[in-house]
Amino acid sequence: MSSSVPAAHLQVRGIHKRFGAFTALDGVSLDVAQGELVCLLGPSGCGKTTLLRCIAGLERQDGGSLHSGARDISSLPPQARDYGILFQSYALFPNLTVAQNIGYGLNNLSRDEQRARVAEMLELVDLAGSEQKYPGQLSGGQQQRVAMARALAPAPSLLLLDEPMSALDARVREHLCGELRQLQQRLDITTLMVTHNQDEAMLMADRIAVMNHGRIEQYASPQELYCQPATPFVAEFVGQGNWLPFERDGQGQACIGGQPVQLSDSRGGMRGRLFCRPEAIGVNPASHADNRFRAQVREITFLGNRCRMSFELAQLPGHALLAELAPEHMPQLAGPEIWVSLPPRSLQVFA
Ligand code: ATP
């Protein structure tokens, strides 16, 4: 971890959780710094919600420990853990007003203090004046903002979000993601959010923990995950990419389909796979470019802000690859034969 990351607000150490013979969490460890927004990202069933529920105290882990600052919260009941939680279904009480919903967890305050706190929270989520409305009179996005206000009202030190946007349509979701991120930064509230939506995670998170089969495969910033995926799973799960088989000749020179290729990554044995993002591939490169290959274009698809080109290297017939580039950089093709380049720095080696 870099030295600029402040001390951990939440420390998760070696959490194990089994359901019968099934291992849902297999030794999960991660630190979340004060004020950080961390996303747990992974496919369905990888253990994201189970981890969040263990942190919340709604599920008891079979092994490992949980600390909030210096406090060991591993075996505390949920109400003693000082977090706000927001699930994908807004779970507002339909028969209570917005004010009563938000004030639900504020029994320790006087009536006047409660009223002031509710008004403050509604202001914060841009719903001032909605106190007397009922959830059924609000849109999905507004209901989720009320649920957010309710989670934040007791001023918890940790906010736990489980797929908070998944019940909303795409446009509302994108807007609310931005609002939630701003709110989280303004309040400087440490936040852990479960999502299986990589765009949402990339957009919002300071760091992302990519989970698979109850383990964390990589825990890093969105940029690092995308540019330096630590495992093949992360490379494939986050964004798109190409895999190319390579082997080394007797002198140790890496080759793709028999053609020597320069690599800046010295890892790997006598053979393995190279990973390359579609936008890193050069189309019609200069004649002195590294790793130039003859290629056959199979298909070009216009995607608005970019074009996607499917092609095969002459050395790897039948192995479809993708390149992406801005429409204005897509060359006019005289025929299906072109040159492409695979810049050495963009080729990551996996065994
Ligand atoms: P999703 O994105 O679909 O919600 P997830 O990553 O959040 O998935 P979890 O809900 O944590 O996954 O579940 C992880 C695994 O543990 C799944 O295979 C699930 O079936 C199993 N599991 C979760 N809760 C229980 C339970 N109470 N009893 C038995 N198995 C459970």
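Placed above this text is the structure.
Presented here is an overview of the structure given in this document.

How each quantity is defined
- Residues numbered from 1 in each chain as written.
- Predicted model: local features only at pLDDT ≥ 70, side-chain atom pairs only at ≥ 80, totals over all residues.
- Heavy atoms only, no water.
- Pairing = 2+ DSSP bridges.
- Helix = DSSP H or I, 4+ residues; strand = E, 2+ residues; numbered from the N terminus.
- Axes fitted to C-alpha atoms, helices over the stretch in contact; angles between N-to-C directions.
- Contact = heavy atoms within 4.5 Å.
- 1 Å grid on protein atoms, 1.4 Å probe; cavity = no way out; pocket = protein on both sides within 12 Å on 5 of 7 lines; lining within 4 Å.
- Points joined across faces, edges and corners; volume = space filled by probe spheres on them.
- Nonpolar A, V, L, I, M, F, W, Y, C, P; charged D, E, K, R; others polar.
- Near = heavy atom within 4 Å.
- Polar contact = N/O pair within 3.5 Å; in protein donor to acceptor, adjacent residues only side chain to side chain.
- Areas by Shrake-Rupley, 256 points an atom, 1.4 Å probe, with all protein chains shown as cover.
- Phe/Tyr/Trp six-rings, centres within 6.5 Å; stacked < 30°, edge-to-face > 60°.
- Buried < 20%, exposed > 50% of the residue type's maximum accessible area, 1.4 Å probe, protein only.
- Parallel < 35°, antiparallel > 145°, perpendicular 65-115°, else oblique.
- Left-handed = near helix turned anticlockwise from the far one by under 90°.

1. Observations regarding the sheet that holds strand β7 (residues 158-162)
Within a sheet, each strand pairs with its neighbour through backbone hydrogen bonds, oriented either parallel or antiparallel.
Inference 1: Spatially, six strands are ordered β6-β7-β8-β3-β9-β10 in an open sheet, and the strand pairing comes out mixed. A strand with exactly one partner marks an edge of an open sheet, and here the two such strands are β6 (83-86) and β10 (215-220). Strand-to-strand, the axes of this sheet are offset by a mean angle of 15°, without reference to chain direction.
Inference 2: Packing of helix α4 (residues 140-152) onto the sheet brings it into contact with β6 and β7, and relative to β6 it is tilted by some 165°.

2. Overview of empty space enclosed by the protein
Inference 1: Using the criterion set out here, one finds one cavity of 30 Å³ or more in the structure.
Inference 2: Its boundaries defined by the atoms lining it, the largest cavity holds a volume of some 40 Å³.
Inference 3: Around the largest cavity sit L10, I55, S68, I73, R81, Y83, L158 and L160, which together line it.
Inference 4: Split into classes, the residues belonging to the lining of the largest cavity amount to six nonpolar, one polar and one charged.

3. Considerations on the site of the ligand
Inference 1: All residues adjacent to the ligand are F19, F22, A24, P43, S44, G45, C46, G47, K48, T49 and T50.
Inference 2: Note that an oxygen atom of the ligand is positioned 2.8 Å from one of the side-chain N or O atoms of T49.
Inference 3: Between T50 and the ligand, the recorded distance is 2.5 Å, taken from a side-chain N or O atom to an oxygen atom.
Inference 4: For the ligand, whose unbound accessible area comes to 640 Å², protein coverage reaches 58%.
Inference 5: When residues of the shell around the ligand are assigned to their parent elements, the largest contribution, three residues, is made by helix α1 (residues 48-56).
Inference 6: Across the shell around the ligand, the residue classes break down as five nonpolar, five polar and one charged.

4. Quick look at the packing of aromatic side chains
Inference 1: Per the stated rule, a full pass over the model turns up four aromatic pairs.
Inference 2: Judged by centre distance (5.5 Å) and plane angle (10°), the rings of F233 and F237 are stacked. Residue F233 and its partner F237 are both found in helix α8 (residues 232-237); the two are separated by four residues, about one turn of the helix.
Inference 3: Taking the relative accessible area as the measure of exposure, F233 reaches 21% and is therefore partly exposed.
Inference 4: Between W243 and F350 the ring centres are 5.4 Å apart and the planes differ by 65°, which places this aromatic pair in the edge-to-face class. Note that W243 is positioned in strand β11 (residues 242-248) and F350 in strand β20 (residues 348-350), a separation of 107 residues in sequence.

5. Side note on unusual backbone geometry
Inference 1: Not every positive phi belongs to a glycine, and D188 is a case in point at roughly 55°.
Inference 2: Among the secondary structure elements, D188 is positioned in the loop between α5 (170-187) and β8 (190-195).
Inference 3: Taking relative accessible area as the criterion, D188 reaches 42% and is therefore assigned partly exposed.
Inference 4: One non-glycine residue with positive phi stands out, namely N284, at about 55°.
Inference 5: If you trace the backbone, N284 turns up in the loop between β15 (282-283) and β16 (292-302).

6. A few points about the side chain of R117
Inference 1: Within the secondary structure, R117 is located in helix α3 (residues 111-124).
Inference 2: Looking at R117, the relative accessible area reads 17%, which means it is buried.
Inference 3: For R117, the residues in contact, after removing those within four places along its chain, are L106, L109, L152, A153, P154 and A155.

7. Observations concerning the pairing of strand β17 (residues 307-313)
Inference 1: In terms of burial, β17 is a largely internal element, six of the seven residues being buried.
Inference 2: Sheet topology places β16 next to β17; seven bridges connect them, and they run antiparallel. If you follow T301 over to β17, its bridge partner there is R308.
Inference 3: Pairing geometry for β17 and strand β18 (residues 321-325), over five bridges, is antiparallel.

8. Concerning the packing of α4 against α5
A packed helix pair is summarised by two numbers, namely the angle formed by the two axes and the spacing between the axes.
Inference 1: Between α4 and α5, the least distance of the axes is 11 Å, while the angle of their chain directions is 20°. With respect to each other, α4 and α5 are oriented roughly parallel. Crossing angle aside, the handedness with which α4 passes α5 is right-handed. Residue-level inspection shows G141, Q144, R145, M148 and L152 of α4 in contact with α5, the latter providing V172, L176, E179, L180, L183 and L187.

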